[in-house]
Structures are given as C-alpha cells and as structure tokens.
Amino acid sequence: MDYVKQLIDGSKKFGIIGQGYVGLPLAEAFAEAGMHVIGFDIDKTKVDSINRGESYIGDVKSENLKPLVDKGLIEGTTDFSRLVDCSVISICVPTPLSKSKDPDVTYIEAALAEIIRHLQKGQVIVLESTTYPGTTDELALPLLEETGMKCGQDFHLAFSPERVDPGNVRYTVKNTPKIIGGVTEECTRIATEVYDYALEHVHPVTSTRAAELVKLLENSFRAINIGFINEMAMICEKLDVDVWEVIEASKTKPFGFMPFYPGPGLGGHCIPIDPLYLKWKLTSLDFKAQFIDLADSINSNMPHYVVTRVMEQLNEHGKALKGCRVLILGMAYKENIDDVRESPALDVAKLLFEKGADVVYHDAHVPHCRVEEHNLQSSELNEELVKGADLVFIATGHSGVDYQWVVDNAQLVFDTKNMTGHLDRTAGKVAKL
Ligand SMILES: NC(=O)c1ccc[n+]([C@@H]2O[C@H](COP(=O)([O-])OP(=O)(O)OC[C@H]3O[C@@H](n4cnc5c(N)ncnc54)[C@H](O)[C@@H]3O)[C@@H](O)[C@H]2O)c1
C-alpha cells in the first residue's frame, strides 16, 4: 500500500485523535504537505471551530487553517466511525497525573478503544502522547492484538514523541526533528516514510521504548536543570549575588555550559509531569530516580520560596502580607502563550490568598482563570491598578508589558523573571529572585 500517495489523493486520511496544543498543529503540518487529515476530538466546540477554519491554538493561525479547511485537507469530527477512512492514526490525547501523581493513561485507553472498534487491515497507529516507557508495547499492543490482528503484519504500531514547543516561532512541528520507533522494523519503516513526507527530518530509533524514553530524557533534563538553577537562585540570595548576572556571565563560555533560568516554579503540561511518568515506571522496577525526585522537590517548593521572599520584602517596608493587595503580572506558565496548565503563578496566587492577601492579576493572554474557589478576571493594566497594589509580582515575562512603566508606578515589585534587571530606578523598590 502506498500510504503517502493515498493520503495525498484523499482516498485515505491521516486521522489525529485529540485536537489540542499538539494535535491541531500536527494536523496543520500534514495538511500543508498536501495530505488529507481528519481531526478527531470529543470536544464538539473544537471540532466545530476547526470546520469553520477558526483556530483556538496560538501556534495555528486561522488565516492558515481556513484555506486548508476550504480545500478539504482538514476536517474535524466527533464521529469515530470515520476512523475506517484513515490509513494512519496518530494519538495526541492528554496524559496527566492522577491525584496520587501516578500516570493517568485513561485518555490513551479511550482513544485505543475507538481505534480497536474500527481497526482496519493495513492501518498504522502512532502514539504521540507523552507517556512512560512500555506504554506502546505493554498497553497498546496487547489491546490491539486482542482483535485477532497481528502487529507488523495486519496493522502497524509505533511511538513518536511530540516535541512541539508552544509559542516557539523558530522551531515548529515541521522543522523539529521527529523521533519514531516502531514495534517491528516494518512499523518503523512505514511510519517514517509517512512522517518524512510532511516533516523536515525524521530520526528513526530501534524500539518504541527508546522513542518513549527520548521524550522523557529531554524533559527530565529540563526539569532537573531548572531545579538546579532554582537552587542556585536560592544560593545566590544567601550569598547576596545576582543569579541573573552569574548566568549571563557563565553563558560567555563557548563550550560546556547551557543556560537555564530560575522562576517561581515549573509549569506547563509537560516538564513538571513527564519526569514523574519515568519515575513511576522505575519505581515499578524497584529503582529510585533520585535526580528526578530532588528536582521535583526543589521545583515544587519554589512557589513557597517566592511567597516567603515577598513576605520579607513587605516586612522590610513595614507591611504584613495579610490584607495587602498583590498584583500578579502574567498567569500563563511561560511568556507569550495563553496556557495556564500547572502554571506556578496559580500556586503563588493560591498561597497569597491563603495568607490573607487580596490577589488581582493582569495577563493579556489569559482573560480569566480559577484559583481554588476564586474566579479571577484579568484586570486592565493601568496606573490605578499598579499604584493601588502594595506589591507587583512578576510571575511571567510576557512581552507587551512596559516594565519600566510598571516599576515607575509600583510601590514594590518582586520580579521572578528578571524583567526589571536592565531598568533604571529599580533600587529599593524591586526585589528579584
Ligand atoms: N502541550 C505541549 O506543549 C506538549 C508538548 C509535547 C507533548 N505533549 C503531549 O501531547 C499530549 C497532548 O497534549 P496537549 O497539550 O495537546 O493536550 P490538550 O489538552 O491541549 O489536547 C488534548 C485534546 O484531546 C482531546 N481528547 C481527550 N480525550 C479524547 C478522546 N478519547 N478522543 C478524542 N479526543 C480526546 C481533548 O478534548 C483535547 O482537545 C500529552 O501527552 C502531552 O504530554 C504536549
């Protein structure tokens, strides 16, 4: 079967289950390469939005999506019986943690249940959700083979980690190398051939486990290094040295150093969660992942640390946090995006509320958010708001905010992102992480 040819002539479709931050950009990349894509989701509002050509994901522009929809290259559906039209099916559903911080693979299981219900000979299934090593061959493979069909013969199965970096305009789905590892060599070969057509570079590996582990290595590497630099920020505070200056200077070394930056905690759907998927798997093998544990503990403590620093700063100015108004600048977990999942700014807001502060926020990307029982709306960033706050807490360094103006108008500023480092007239008013 010529997969690429059929996906281009439209006799077969590329199905993507889950049309979120990962699934919709992937749909766009394959459709832009001329392949016919069906985006499956259980959320009808997303599907309707796709079919109107209106994007709800920052990295996908409606002016790009609409022509692809109009040409019939992308359609959205909640009807999973359409899976029979697909020769390749990618799974991009969420993989959160359960309350006990264990992997929650129920979304993957639900997607697999639909695939199994409609499984066709020759179909290629590619799991892209981030998960623990072994999910593809221990969970997905036996479930799919319960149908009586054989992997590598009747259907093909591979894992390919999604590496999209929301908000990154330089590296997109198309030009970020794609890792693929199949259950059999034939699975790897076919999946590689299809992805290679639409994406700039595909890097095959010899097993699904290696592919699963690539993603967990990358994200554990980030979580551990961020944990280290967060600890370094605390060390620098003890030594009365500016951590940001030390990082900038260290960066001048042209080899053997890679900069990471501290912050009020670790956010997003990936970096705080993925290492715990790996840790969970290792615990089942009676192995303790110590670096992951330590980084998790340091990173999880950062919201507490910065709130303590805020209390100290207020105290120096004769104020108690209780009853103070704190304006949080930036609720998203990182700059210039609208995603608040696991955002440390939410943890900081929760702690501030618990300590009796009156919390307001401004984030042009996040019109509203919820912190425990508090339904918060982003306030307009004006003089009255900034002057009226006892302290401005910079949690996320969105561009589009005039930080000099904030410093000029604020009573006190606590800056966790070094947005004020280069500014004039910060002395006395501004404390930095
Ligand atoms: N967001 C990122 O930056 C990023 C980066 C790399 C990898 N990932 C991984 O990719 C996966 C997806 O993440 P995301 O950020 O796109 O999540 P998301 O929540 O933005 O999107 C997931 C989508 O799946 C849909 N969905 C849930 N259950 C479904 C089902 N049974 N059938 C069909 N659709 C279903 C949801 O309605 C939602 O639209 C996760 O495993 C995540 O760890 C995310």
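Thresholds applied
- Residues numbered from 1 in each chain as written.
- Predicted model: local features only at pLDDT ≥ 70, side-chain atom pairs only at ≥ 80, totals over all residues.
- Heavy atoms only, no water.
- Helix = DSSP H or I, 4+ residues; strand = E, 2+ residues; numbered from the N terminus.
- Contact = heavy atoms within 4.5 Å.
- Near = heavy atom within 4 Å.
- Polar contact = N/O pair within 3.5 Å; in protein donor to acceptor, adjacent residues only side chain to side chain.
- Areas by Shrake-Rupley, 256 points an atom, 1.4 Å probe, with all protein chains shown as cover.
- Nonpolar A, V, L, I, M, F, W, Y, C, P; charged D, E, K, R; others polar.
- 1 Å grid on protein atoms, 1.4 Å probe; cavity = no way out; pocket = protein on both sides within 12 Å on 5 of 7 lines; lining within 4 Å.
- Points joined across faces, edges and corners; volume = space filled by probe spheres on them.
- Domains from an automatic or database assignment.
- Buried < 20%, exposed > 50% of the residue type's maximum accessible area, 1.4 Å probe, protein only.
- Arc of directions from axis to C-beta.
- Disulfide = S-S within 2.5 Å.
- Salt bridge = Lys/Arg side-chain N within 4 Å of Asp/Glu carboxyl O.
- Core = buried A, V, L, I, M, F, W, Y, C linked by side-chain atoms within 4.5 Å.
- Pairing = 2+ DSSP bridges.
- Axes fitted to C-alpha atoms, helices over the stretch in contact; angles between N-to-C directions.

### Points about the overall build of the chain
Right, on to step 1. Secondary structure assignment for the chain yields 14 helices and 15 strands.
Right, on to step 2. Restricting the contact set of the chain to residue pairs at least 6 apart, pairs at least 24 apart contribute 67%.

### Details of the site of the ligand
Right, on to step 1. The full set close to the ligand counts 26 residues, and V22, D41, K46, T95 and T130 are the nearest of them.
Right, on to step 2. With respect to the ligand, the side chain of D41 contributes an N or O atom lying 2.6 Å from an oxygen atom.
Right, on to step 3. Surface burial for the ligand is 92%, taken as the share of its 830 Å² of free accessible area covered by protein chains.
Right, on to step 4. When the residues that make up the shell around the ligand are grouped by side-chain class, the tally is 13 nonpolar, seven polar and six charged.

### A look at the layout of surface pockets
Right, on to step 1. Of the pockets and cavities examined, the second largest pocket occupies roughly 660 Å³.
Right, on to step 2. If you go around the second largest pocket, you meet 33 residues; those closest to its centre are K101, L266, P272, E342 and D347.
Right, on to step 3. Looking at the lining of the second largest pocket, the elements with two or more residues in it are α8 (208-239), α10 (274-284), α11 (290-316), α12 (344-354) and β11 (368-371).
Right, on to step 4. With seven residues, α11 is the largest single contributor of residues to the lining of the second largest pocket.
Right, on to step 5. The two domains that each donate at least three residues to the lining of the second largest pocket are domain 1 (3-205) and domain 2 (230-432).

### A word on the environment of I50
Right, on to step 1. Residue placement: I50 occurs in helix α3 (residues 44-51).
Right, on to step 2. Put simply, I50 and V69 are 19 residues apart on the chain and 7.6 Å apart in space, counted from C-alpha to C-alpha.
Right, on to step 3. I50 has contacts with Q19, L24, Y56, L65, V69, I74, E75 and G76, leaving out every residue within four places of it along the chain.

### A closer look at α3
Right, on to step 1. Taken together, the buried positions of α3 are occupied by V47, S49 and I50. On an axial view of α3, the arc spanned by its buried residues comes to 160 degrees, and they lie on one face.
Right, on to step 2. For α3, the secondary structure elements touched by its buried residues are α2 (23-32), α4 (62-70) and β3 (74-77).
Right, on to step 3. Immediately downstream of α3, the backbone of G53 shows phi near 80 degrees, a positive value.

### Some remarks on the state of the cysteines
By definition, a disulfide links the sulfur atoms of two cysteines through a covalent bond.
Right, on to step 1. By the definition in use, this model includes zero disulfides.
Right, on to step 2. Distance from the sulfur of C86, which forms no disulfide, to the nearest cysteine sulfur (C92) is 13 Å.
Right, on to step 3. Classification of C86 as buried rests on a relative accessible area of 2%.

### Looking at the pattern of salt bridges
Right, on to step 1. One pass over the structure, following the stated rule, counts 28 salt bridges.
Right, on to step 2. For D70, the salt bridge goes to K66, with nearest N and O atoms at 3.2 Å. Taken together, the residues span about one helical turn, with D70 and K66 both in helix α4 at a distance of four residues.
Right, on to step 3. When its relative accessible area of 36% is taken as the criterion, K66 is described as partly exposed.

### Topic: the nonpolar core
Right, on to step 1. I328, M331, L352, L391 and F393 are the most contacted members of the largest nonpolar core, which totals 47 residues.
Right, on to step 2. Elements with a minimum of two residues in this core: α8, α9 (243-250), α11, β9 (325-329), α12, β10 (358-362), β11 and β13 (391-394).
Right, on to step 3. In contact with M331, other than residues within four places in its own chain, are V340, S343, A345, L346, A349, Y361, D363, V366, C369, L376 and T396.
Right, on to step 4. If you look at the next biggest cluster of nonpolar residues, it comprises 37 residues, including L24, A29, V88 and I190.

### Some remarks on the domain arrangement of the chain
Right, on to step 1. Here the chain is described as being made up of domain 1 (3-205) and domain 2 (230-432).
Right, on to step 2. The centre of domain 1, based on its C-alpha atoms, is set 34 Å off from the matching centre of domain 2.
Right, on to step 3. The partner domain 2 presents 16 residues to the 18 residues of domain 1 that form the contact.
Right, on to step 4. Our enumeration of links across domain 1 and domain 2 arrives at three salt bridges.
Right, on to step 5. Linking K101 and D296 is a salt bridge whose minimum nitrogen-to-oxygen distance equals 3.6 Å.
Right, on to step 6. Applying the counting criterion to the domain 1 and domain 2 interface returns seven residue pairs in polar contact (both at pLDDT 80 or more).

### Digging into empty space enclosed by the protein
Right, on to step 1. In the structure shown here, the tally under the stated rule is one cavity of 30 Å³ or more.
Right, on to step 2. In this structure, the largest cavity occupies an estimated 40 Å³ of space.
Right, on to step 3. Taken together, P161, E162, R163, V164, V173, T176, P177 and K178 make up the full set of residues lining the largest cavity.
Right, on to step 4. Here the residues of the lining of the largest cavity are counted per class, giving four nonpolar, one polar and three charged.

### A few points about the pairing of strand β5 (residues 124-127)
Right, on to step 1. Residues V124 and V126 of β5 are buried on one face, and the alternating residues I125 and L127, pointing to the opposite face, are buried as well.
Right, on to step 2. Across four bridges, strand β4 (residues 86-91) lies against β5 in parallel orientation. Note that in β5 the partner of I89 across the bridge is I125.
Right, on to step 3. Examined bridge by bridge, β5 and strand β6 (residues 156-159) share four bridges and lie parallel to one another. Bridged to V124 within β6 is H156.

### Quick word on the sheet that holds strand β8 (residues 202-205)
Right, on to step 1. Pairing in this open sheet of eight strands is mixed, and the strands run β3-β2-β1-β4-β5-β6-β7-β8 from one edge to the other. Each edge of the sheet is formed by a strand with only one pairing partner; in this case those strands are β3 and β8. Neighbour to neighbour, the strand axes of the sheet diverge by 25 degrees on average, direction disregarded.
Right, on to step 2. Two elements, β6 and strand β7 (residues 178-182), share two bridges in a ladder whose sense is antiparallel. Along β7, the bridge assignment pairs A158 with G182.
Right, on to step 3. The sheet strands contacting helix α5 (residues 106-117) are β1 (13-17), β4 and β5, and the helix crosses β4 at an angle near 170 degrees.
Right, on to step 4. α8 contacts β6, β7 and β8 of the sheet and is inclined by roughly 150 degrees relative to β7.

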